[in-house]
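# Chain and residue survey
One-letter residues, chain by chain:
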Amino acid sequence: METPTLETPEARAETRTVLHVGCGAANPAKLPGDVFPAGDWRELRLDIDPAVAPDILASITGMPMVADGSVDAVWSSHNLEHLRPHEVPLALAEFHRVLRPGGFLLATLPDLQAVALLVAQGLLEEPAYVSALGPIAPLDILYGFRPAIAEGNDFMAHRTGFTAASLARHLGAAGFAGITVQTDGRFALWARAVRPA
């Protein structure tokens, strides 16, 4: 697959590039509009699954076809939990590497501390919330969306997890600064971190 050409520095002044890692099927609505307003940002889609026809076919643990310091932002929505624990530093190092100095990472992923409260109440298989895909139970949040995995999509399995404190530690260890991690009150963490200039 041919790697798309990134903008020249002159073009970047007008339109910035967000590397959407683990992008899934193309859908502009997957970019948070309040952070990446349409027209201001160009989405560069990266995924490990060829079925979703990404711009770049790669794992988030190794993206050599994305040049150092070539993107203005990295958007990661529910990807890091799919990695094995020892792969998390590799992915965060890659996110850091491809960001230009002053660029930022925006990531969201399951909040295991919030999920653990439901598990402690004995609600492992009861719906915690309803998504576009259907009911999501704590068991799905911990180990991956069971219906998708049952249909053969092993990419949906979860292999690690985070609390707000552990995610902040991982981001700091990867060299990020200006780290904020917040819970959304709906079983997800939201993190923002900057590659220092």
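Residues numbered from 1 in each chain as written. Predicted model: local features only at pLDDT ≥ 70, side-chain atom pairs only at ≥ 80, totals over all residues. Heavy atoms only, no water.

In the nomenclature of an unreviewed UniProt entry, the protein chain corresponds to Methyltransferase family protein from the organism Cereibacter johrii.

### A word on the overall build of the protein chain
Within the protein chain, the secondary structure is distributed over six helices and nine strands. For the protein chain, the C-alpha radius of gyration of 17 Å lies close to 16 Å, the compact-globule estimate for 197 residues. Summarising its shape, the C-alpha atoms of the protein chain cover approximately 55 × 35 × 30 Å along the three principal directions. In the structure as shown, the protein chain presents an accessible area of about 9800 Å², 58% of it carried by carbon and sulfur atoms. Charged side chains in the protein chain number 14 positive and 22 negative. The centres of these two groups are separated by 5 Å. (Helix = DSSP H or I, 4+ residues; strand = E, 2+ residues; numbered from the N terminus. Rg over C-alpha atoms; globule rule 2.2 N^0.38 Å. Areas by Shrake-Rupley, 256 points an atom, 1.4 Å probe, with all protein chains shown as cover. Lys, Arg positive; Asp, Glu negative; His and termini not counted. Charge placed at Lys NZ, Arg CZ, Asp CG, Glu CD.)

### Brief notes about the sheet that holds strand S5 (residues 99-110)
The sheet built from seven strands is open, its strands ordered S3-S2-S1-S4-S5-S9-S8 with mixed pairing. The outermost strands of the open sheet, each flanked by one partner alone, are strand S3 (56-57) and strand S8 (177-183). One ladder, built from five bridges, connects S8 with strand S9 (residues 188-194); its direction is antiparallel. When the bridges of S9 are listed, Gln182 appears paired with Trp190. Helix-sheet contacts for helix H6 (residues 164-173) involve S5, S8 and S9, and the interaxial angle to S8 is about 160°. (Pairing = 2+ DSSP bridges. Contact = heavy atoms within 4.5 Å. Axes fitted to C-alpha atoms, helices over the stretch in contact; angles between N-to-C directions.)

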